[in-house]
Amino acid sequence: MTTSPEQHTPAVSPAARFATTRWSVVMAARQEDSTESMDALQTLCRAYWHPLYAFVRRLGNSAHDAQDLTQEFFARLLEKNWLEAADRERGRFRTFLIMALKRFVANEWDKRQSAKRGGGQSFVPLDTKFAEERYLADPSPALSPDHLYERRWALTLLARALARLREEYEADGRGADFACLKSYLTAERGTIPYGEIARELGTSEGASRVAVHRLRKRYREVFRETVSDTVSSADEIDTEMRYVVEVLGRV
Amino acid sequence: MNDSTPATLCPRCGATLPTDTPEGLCPRCLAAMHFGPETELTGGLEAAPLPPLSPGELAPHFPQLEIFQCLGRGGMGVVYKTRQKSLNRFAALKLLAPERANDGEFAKRFTREAHALAALNHPHIVTVYDFGRAGGFYFLLMEFVDGVNLRQAMSAKRFTPKQALAVVPPVCEALQYAHDHGIVHRDIKPENLLLDKEGRIKIADFGIAKILGDESNTGLAESQPAGTPQYMAPEQKDRQNADHRADIYSLGVVLYEMLTGELPGAKLQPPSSKVQIDVRLDEVVLRALEKKPEMRYATAAEFRTQVELATAESSRPSKVPAAASMPWKNLFIATSATVLFSILVAGLLLVIGFWYWRSSSRARAEESLAHARAAEADARASLMPSGTPARPPESPNVTALPAKAIPDPEKAAELSQEGWRLWQQGDFGNAGLRFSEATALSPNDANAWNGYGWARLNSGFADTAEGAFKKAITLEPNNAGALNGLGQIYLSRREYDKAEPFLLKASQQQGASAAWFGLTRLYLLQGKFDNAEKWAQMVVDSGQGDAIATKMLEAAKEKRLSDGLRQTIEPPAPPTKAEPPAKPE
């Protein structure tokens, strides 16, 4: 049997370290066919491919096939100008990616398979072991592929937001503060032991109150930024936020 | 080796945490923070309301409109009846909070919300034609509904329970649609439920409470949350996180008021203690009025289903007519003497059997929902404002149902087809809407109910799905999709004994590998390894299996379920909340 993935995998895949790329940038540059927008797309794809992998696996593919399929999909996505299709998906990266994948599976995958896995080209190096562990660790075998995709997507957003937050704190030399304070992100107000936190951080109770408040506030902002990176225009942020929050509410 | 990580529970909400939960925090609670009261800090000084402007004063700002008269002024703004000159149609012009015209935060919120509102397109929601800012006013231009609001209708005459119940399904349908689009009304009350001259109901002022809302003014006890206190959910009054379930509560208050003529008091008394109605309705109403949102209906669709079921129950005849069973017995005894008689009786039995078949198929055709929808339609028709013709006399074919609910199986089949297409694309929300329409047009269509069930299940609403699957099975006992769906729901609730018969029945259908997969999980979790092996083998042989299926087959053969695999295949424990005491069946 495998060991529990919790024991040896980092909380966030190395590839999921945050990119400052935005879907809106990719969308804005799509007519120009610039390498810049391609790079941007590649970075985004790399950050958000786990949900797709889970989707492909849940369709019934073996781990090996799912890896092949996902790799191939990204290779084709980047070499072909599929961004044309993005308009039709109303500008959300989440829906764009899954629609493109479905189209790929329906129209191209079988053909490519029978033509034999060609050339061994692998344009997007993906940490497939990590993805497989994530997939097996997900305690929700009854979910449909689509539902699983949405769920993994929402969890990926959350993981990225928290990783971004952690990095911010660490960059300022406040890594220890983050480690101490993070569990109060979800704590009910009134149950937060400010005295205890103050002792641990070597500060006053008032200062610890402010520190918790700031972390919570900053987390909200960062999560919103993370979501906004995946939509193409500002007026979609709220809808997407609501959607993601709703999905997470069912986790 | 560590193969037995115990499931971790969130200390706050009690949910089972996924093993890969980010930073060890509960995703559900993290998500909930985004709609927390700390989210925004806005709000401005309240200015005294100005007297409404006359049509003449407004006219220069709205050259595209002919402005007739001021229809009223409420907390939500001032409404005028107008005509759009270009399209020559009436429209209602609503000016929002002129006193906030210079509030930048308000402007942002208005634009954001109005965009969302304009995207709503539903027969039971007042359509937003246009919005913007003109002459310093934020305005919404909306569909003009020629009729009365529910408050006026209620004060004109007391509603019968049947009429009161008929209001709920269309309102729920509209609410569900809006909720699916992420929009909460926040101010459901009789004044905002409009009845047009055809007796159709339309919800007005969607989301306006949010535009005007100052819910973000945390800590200011003296300021009022937007909404109407008598109809507001407790969490909305307390400025807690109010979500779509606040609308369900408000609609519950409206229903309570329609049934009893009173608002629910501090000590909530069941409607049947005040007026003579079927006690089964108490439960339906009281659940919407639960103080805790998580105890209410999870969705408006579920509320609708329960009201429809209750309506169907109370309008269904309580006894099977004696004629249907007795003749058989008497005839049989009387005719057992001679062959000749037997032959005669055989003929008679055929005739009676045919009559029985015809009447029972008619009975089937009038299954619960048809009852409910017809009752709804009747009641709706009788709700029309007085003085308007009930129905155009020139439509002689239509006798009982208003235009919208005329059964149309062909259209329903088309909608179902479209529903499945959307479902396959993963667009469960819109798929659900198509199926919902299909069930309205063809209430006896098991396929439509099955589709509705799957769309809702995949959207995460198992309770609604359960009701839909049950209906599909009532209509078509061998409907494999619905049988499987119901089995999967019980399985996910760890109700294994309940799940088994449905999955078994579903598994007999062609290619029902999902049911096989379910049975494998079920038997493994119950420790019935021989059974598990049989089904796991079928899954694997069918080529539909994945790594989990293979592992399950191995486990069944070894007759040992490792903790690791158990954790993978066991449904999460049901949330720990105070359950109401179980009721006898």
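Residues numbered from 1 in each chain as written. Chains lettered and ligands numbered in written order. Predicted model: local features only at pLDDT ≥ 70, side-chain atom pairs only at ≥ 80, totals over all residues.

Draft legend 1. Local environment of the overall build of chain A. A tally of regular secondary structure across chain A gives 12 helices and zero strands. Of the regular secondary structure in chain A, the N- to C-terminal order runs α-α-α-α-α-α-α-α-α-α-α-α. Residue burial in chain A is summarised as follows: out of 251 residues, 40% are buried. Summarising the internal contacts of chain A: among those between residues at least 6 apart in sequence, 69% fall at separations of at least 24. (Helix = DSSP H or I, 4+ residues; strand = E, 2+ residues; numbered from the N terminus. Buried ≥ 20, exposed ≤ 12 C-beta atoms within 10 Å, placed from the backbone. Contact = placed C-beta atoms within 7 Å.)

Draft legend 2. Molecular detail of the overall build of chain B. A tally of helices and strands in chain B yields 23 helices and eight strands. Going through the 585 residues of chain B one by one, you find that 44% of them count as buried. Sequence separation of 24 or more characterises 56% of the internal contacts of chain B that already satisfy a separation of 6 or more.

Draft legend 3. Helix 9 (residues 280-288) of chain B, seen in detail. By the burial criterion, the buried members of helix 9 of chain B are B:Leu281, B:Val284, B:Val285 and B:Ala288. Buried residues along helix 9 of chain B cover an arc of 90° about the axis, so they all sit on one side. (Arc of directions from axis to C-beta.)

Draft legend 4. Summary view of the confidence of the model for chain A. Residue and element names in this part refer to chain A. Per-residue pLDDT for chain A averages 75, and the proportion of residues at 70 or more is 70%. Per-element confidence in chain A is highest for helix 9 (residues 175-181), whose mean pLDDT is 91, and lowest for helix 1 (residues 5-8), whose mean pLDDT is 32. Across residues 1-20, confidence stays below pLDDT 50; counting only partners more than four residues off in sequence or on other chains, it has 42 contacts. Here residues 116-124 is a poorly scored stretch, pLDDT under 50, and it has 12 contacts once near neighbours within four places are set aside; other chains count. (pLDDT = per-residue confidence, 0-100.)

Draft legend 5. Seen up close, the environment of B:Met142. Residue and element names in this part refer to chain B. With respect to the element layout, Met142 can be found in strand 5 (residues 137-143). Owing to 22 C-beta atoms within 10 Å, Met142 belongs among the buried residues under this scheme. Residues Met142 and Phe90, spaced 52 residues apart in sequence, show a C-alpha to C-alpha distance of 9.1 Å. Not counting residues within four places of it along the chain, the set of residues in contact with Met142 comprises Ala91, Ala92, Lys94, Val126, Thr127, Val128 and Tyr129.

Draft legend 6. Fine view of unusual backbone geometry. All names here are of chain B. Of note in the backbone geometry, Glu23 takes a positive phi value of approximately 55° without being a glycine. Locating Glu23 in the fold gives a position in the segment before helix 1 (27-32). You will see that Asp205, though not glycine, has its phi angle at about 60°, which is positive. With respect to the helices and strands, the residue Asp205 is situated in the loop between strand 8 (201-203) and helix 6 (208-212).

Draft legend 7. Layout of the packing of helix 16 (residues 446-458) of chain B against helix 18 (residues 480-492) of chain B. Residue and element names in this part refer to chain B. The contact between helix 16 and helix 18 brings their axes to 9 Å, and the two run at 30°. In terms of their interaxial angle, helix 16 and helix 18 are classed as roughly parallel. In this structure, helix 16 meets helix 18 at a crossing whose hand is left-handed. Here helix 16 contributes Ala446, Trp449, Asn450, Gly453, Trp454 and Leu457 to the contact with helix 18, which in turn contributes Gly481, Ala482, Gly485 and Ile489. In terms of residue class, the contact of helix 16 with helix 18 is built from six nonpolar, four polar and no charged. (Axes fitted to C-alpha atoms, helices over the stretch in contact; angles between N-to-C directions. Parallel < 35°, antiparallel > 145°, perpendicular 65-115°, else oblique. Left-handed = near helix turned anticlockwise from the far one by under 90°. Nonpolar A, V, L, I, M, F, W, Y, C, P; charged D, E, K, R; others polar.)

Draft legend 8. Looking closely at the nonpolar core. By size, the foremost hydrophobic cluster in this structure holds 136 residues, and its most contacted members are B:Leu93, B:Phe139, B:Val168, B:Val171, B:Leu255, B:Ala288 and B:Met552. The element contributing the most residues to this core is helix 5 (residues 161-180) of chain B, with 11 residues. Membership of the second largest hydrophobic core comes to 63 residues, among which are A:Met27, A:Phe55, A:Val56 and B:Ala31. (Core = buried A, V, L, I, M, F, W, Y, C linked by C-beta atoms within 7 Å.)

Draft legend 9. Just the pairing of strand 7 (residues 193-196) of chain B, in detail. Residues and elements named next belong to chain B. Inspection of the sheet shows strand 6 (residues 147-149) paired to strand 7 by three bridges, in the antiparallel sense. Following the sheet pairing, Val148 is matched in strand 7 by Leu195. Of the pairings in the sheet, the one linking strand 7 to strand 8 comprises three bridges and is antiparallel in character. In the sheet register, Leu194 faces strand 8, and the bridge partner there is Lys202. Between the antiparallel neighbours strand 7 and strand 8 lie four residues, among them Gly199 with a positive phi of about 85°. (Pairing = 2+ DSSP bridges.)

Draft legend 10. Helix 18 of chain B, seen in detail. Residue and element names in this part refer to chain B. Spanning 13 residues, helix 18 covers 18 Å between terminal C-alpha atoms, matching the ideal 18 Å at 1.5 Å per step. Burial analysis of helix 18 places 12 of its 13 residues in the buried class, the great majority of the element. Three or more residues of helix 18 are buried, namely Gly481, Ala482, Leu483, Asn484, Gly485, Leu486, Gly487, Gln488, Ile489, Tyr490, Leu491 and Ser492. Taken together, the buried residues of helix 18 touch helix 16, helix 17 (462-475), helix 19 (496-507) and helix 20 (513-526). (Expected span 1.5 Å × (residues − 1).)

Draft legend 11. Representation of the sheet that holds strand 7 of chain B within the structure. All names here are of chain B. If you walk across this open sheet you meet the three strands as 6-7-8, and the pairing is antiparallel. Both outer strands of the open sheet, strand 6 and strand 8, are each paired with one neighbouring strand and no more. Neighbour-to-neighbour, the strand axes of this sheet turn through a mean angle of 30°, independent of strand direction.

Draft legend 12. Region of the structure containing the environment of A:Ala161. Residue and element names in this part refer to chain A. Following the sequence through the fold, Ala161 ends up in helix 8 (residues 145-171). Judged by C-beta crowding, with 23 C-beta atoms within 10 Å, Ala161 ranks as buried. Separated by 59 residues in sequence, Ala161 and Arg220 have C-alpha atoms that sit 9.1 Å apart. Sequence-distant contacts of Ala161, that is, excluding residues within four places in its chain, are made with Val222, Phe223 and Thr226.

Draft legend 13. Here's a closer look at the pairing of strand 2 (residues 77-84) of chain B. Residue and element names in this part refer to chain B. The pairing of strand 2 with strand 3 (residues 89-96) spans seven bridges and is classified as antiparallel. Residue pairing for strand 3: Thr82 is matched across the bridge by Ala91. With antiparallel pairing between neighbouring strands as the criterion, strand 2 and strand 3 make up a hairpin whose turn holds four residues, including Asn88 at a positive phi of roughly 50°.

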